[in-house]
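Notes for the structure review
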Amino acid sequence: MSCNNVRSSYDLPAQGAASDALKLFQFGSGEQHVQVLQQSAARVQIRYRYTGDASIMQLLLLTDALKRQGASEIDLLIPYFPGARQDRVCNDGEALSVKVYADLINQQRYRQVTLFDPHSDVVVALLDRAQVVKNYALIERVLSQLGNDVVLVSPDAGANKKVFALATHLGGLPVIRADKIRDVRNGAIVDTEVFCGDLSGKTALIVDDICAGGRTFIELAKKLKQKNCARIVLAVSHFEGTANLQLLANSGIDAVYTTNSINDLSSDDFLTIQDIWSLMPTNPCEGEQK
Ligand SMILES: O=P(O)(O)OC[C@H]1O[C@H](OP(=O)(O)OP(=O)(O)O)[C@H](O)[C@@H]1O
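Residues numbered from 1 in each chain as written. Predicted model: local features only at pLDDT ≥ 70, side-chain atom pairs only at ≥ 80, totals over all residues. Heavy atoms only, no water.

**Thoughts on the environment of Ala204**
Looking at the element boundaries, Ala204 is found in strand β11 (residues 203-211). Measuring from C-alpha to C-alpha, the distance between Ala204 and Ile232 comes to 4.9 Å, with 28 residues separating the pair along the chain. (Helix = DSSP H or I, 4+ residues; strand = E, 2+ residues; numbered from the N terminus.)

Spelled out as structure tokens, the structure:
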């Protein structure tokens, strides 16, 4: 495959020097506009970071523009998949959001779609040609800072499968199960249980895919405190809003490790979007990219 003098990877939103490759703007009427400024290779990769629904429209426009330039095989890297938490209809009248977003992506006929630690197996099942990069690199980096006596905490039934697989990958770290009851009408956590004995001297490392409003982890931290653990740490692959970092700190969580897969967050400890890209497949033409 020859990729000489053509571009084989596009970042959306455009980052740094890569912004020479794309022109993006929004019309006063609200429509998005995308123009590809550097000739696309036939096989091309889009590194797309979801930053809101307007960015989905930019992705669709970019995909169309690349196809018009002759891109015949397009790989999509999409660390955070929107709508993934709405993977069931909890209340009459709601949309099945994950299917709507997945249908949009499937219509583009990407050669491959790569996700980073998606919320559940549902999104992977709904997407054509999807593959997953697990959260292992994030958790290994967190563990390297925590020392001994760490127990993994699975915050709810939805997380159990992933956390037990992670524990096996890490050589058999102990796992503590927790569970919660969420009032689906308003999202409140009405009960949290932690299934273990005394945790004196232990660091409780809660592992999950996302922190949104944070109530799951605030209520869980209260229960873990009652088990006397020495330290409570939260590691989540995706983080919805910077304002919630303070809420978590106030609730007795000693440290939060996450990534900027959705929002830019200010901490040196985080795995950055660049780190996530480095965990994902690279385009075979990338070394030749101009
Ligand atoms: O920060 P919060 O607002 O508490 O939200 C974060 C939680 O929400 C998601 O699970 P969800 O409660 O949807 O449960 P599920 O695994 O059963 O889908 C996610 O996996 C976290 O556990």
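Okay, back to it.
**As for the domain arrangement of the protein chain**
Segmentation of the protein chain into domains returns domain 1 (7-134) and domain 2 (136-278). Distance between the C-alpha centres of domain 1 and domain 2: 27 Å. Residue-level contacts link 17 residues of domain 1 with 23 residues of domain 2. Together, the buried faces of domain 1 and domain 2 total about 1,900 Å²; carbon and sulfur atoms form 55% of this surface. Three residues, Arg49, Tyr80 and Phe116, lead the burial of domain 1 against domain 2; their summed loss comes to 34% of the area buried on that side. Linking domain 1 with domain 2 are four salt bridges. Residues Glu240 and Arg85 are paired through a salt bridge, measuring 2.6 Å at the closest nitrogen-oxygen approach. Connecting domain 1 to domain 2 are 12 residue pairs in polar contact (both at pLDDT 80 or more). (Domains from an automatic or database assignment. Contact = heavy atoms within 4.5 Å. Buried area = accessible area lost by both parts, 1.4 Å probe. Salt bridge = Lys/Arg side-chain N within 4 Å of Asp/Glu carboxyl O. Polar contact = N/O pair within 3.5 Å; in protein donor to acceptor, adjacent residues only side chain to side chain.)

**Section: the packing of aromatic side chains**
Evaluated as defined, the whole model comprises two aromatic pairs. Each ring, one from Phe25 and one from Phe27, has its centre 5.0 Å from the other, and the planes form 75 degrees; the classification is edge-to-face. The exposure class of Phe27 is partly exposed, given its relative accessible area of 36%. Both rings, one in Tyr50 and one in Tyr80, keep their centres 5.8 Å apart while their planes meet at 45 degrees; by these two values the pair is tilted. (Phe/Tyr/Trp six-rings, centres within 6.5 Å; stacked < 30°, edge-to-face > 60°. Buried < 20%, exposed > 50% of the residue type's maximum accessible area, 1.4 Å probe, protein only.)

**What to know about the pattern of salt bridges**
This model, assessed by the stated rule, comprises 16 salt bridges. Between Arg185 and Asp183 there is a salt bridge, with its nearest N and O atoms 2.8 Å apart. With relative accessibility at 16%, the residue Asp183 sits in the buried group. Beyond isolated ion pairs, a larger network of salt bridges with shared partners links Arg43, Asp75 and Arg111.

**Section: the sheet that holds strand β10 (residues 189-195)**
The strand order across the open sheet built from six strands is β10-β9-β8-β11-β12-β13, with neighbouring strands paired in mixed fashion. Whereas interior strands pair on both sides, the edge strands pair on one side only; in this sheet they are β10 and β13 (255-257). The mean angle between the axes of side-by-side strands here comes to 25 degrees, regardless of whether they run parallel or antiparallel. Contacting β8 (150-154), β9 (175-182) and β11, helix α5 (residues 157-169) crosses the sheet at an angle of about 165 degrees to β9. Sitting on the sheet, helix α6 (residues 215-226) is in contact with β8, β9, β10, β11 and β12 (231-239), with an inclination near 45 degrees to β10. (Pairing = 2+ DSSP bridges. Axes fitted to C-alpha atoms, helices over the stretch in contact; angles between N-to-C directions.)

**Thoughts on the UniProt feature "domain: Phosphoribosyltransferase" (unreviewed entry) in the protein chain**
Using the residue numbers shown here, the UniProt feature "domain: Phosphoribosyltransferase" (unreviewed entry) corresponds to residues 138-240. Measuring from the first to the last C-alpha atom of residues 138-240 gives 17 Å, for a span that is 30% helix and 37% strand. (UniProt positions renumbered as here; feature names shortened; annotations may be inferred.)

**Topic: the side chain of Arg47**
Considering the arrangement of structural elements, one finds Arg47 in strand β4 (residues 40-48). With a relative accessible area of 17%, Arg47 lands in the buried category. Ignoring any residue separated from it by four or fewer positions in sequence, one finds Arg47 in contact with Ser9, Tyr10, Asp11, Leu12, Leu77, Gln274 and Trp277.

**Re the UniProt feature "domain: Ribose-phosphate pyrophosphokinase N-terminal" (unreviewed entry) in the protein chain**
In the numbering used here, UniProt assigns the feature "domain: Ribose-phosphate pyrophosphokinase N-terminal" (unreviewed entry) to residues 51-107. This span, residues 51-107, is 47% helix and 9% strand, and a straight line between its end C-alpha atoms measures 20 Å.

**Some points on the layout of surface pockets**
Volume-wise, the largest pocket comes out at about 780 Å³. In terms of lining residues, the largest pocket is bounded by 30 residues, among which Arg85, Arg88, His119, Lys180 and Arg182 are the most central. Taken together, the elements giving at least two residues each to the lining of the largest pocket come down to α5, β9, β11 and α6. Classifying every residue of the lining of the largest pocket gives eight nonpolar, nine polar and 13 charged. For the lining of the largest pocket, the two domains that each supply at least three residues are domain 1 (7-134) and domain 2 (136-278). As a volume, the second largest pocket reaches approximately 310 Å³. Taken together, 14 residues form the lining of the second largest pocket, with Pro118, Asp121, Lys134, Lys161 and Lys162 sitting closest to its centre. Looking at the lining of the second largest pocket, the elements with two or more residues in it are α3 (121-126) and α5. (1 Å grid on protein atoms, 1.4 Å probe; cavity = no way out; pocket = protein on both sides within 12 Å on 5 of 7 lines; lining within 4 Å. Points joined across faces, edges and corners; volume = space filled by probe spheres on them. Nonpolar A, V, L, I, M, F, W, Y, C, P; charged D, E, K, R; others polar.)

**Re the site of the ligand**
Taken together, 17 residues are adjacent to the ligand, and Lys180, Asp208, Asp209, Gly214 and Thr216 come closest. At 2.7 Å, a backbone N or O of Gly214 approaches an oxygen atom of the ligand. For the ligand, whose accessible area on its own is 500 Å², the fraction buried by protein is 87%. The cavity where the ligand resides is the largest pocket. Elements with a minimum of two residues in the shell around the ligand: β9, β11 and α6. Examining the composition of the shell around the ligand, we find that four residues originate from one element, β11, more than from any other. (Near = heavy atom within 4 Å. Areas by Shrake-Rupley, 256 points an atom, 1.4 Å probe, with all protein chains shown as cover. Sits in = over half its atoms within 2 Å of the grid points.)

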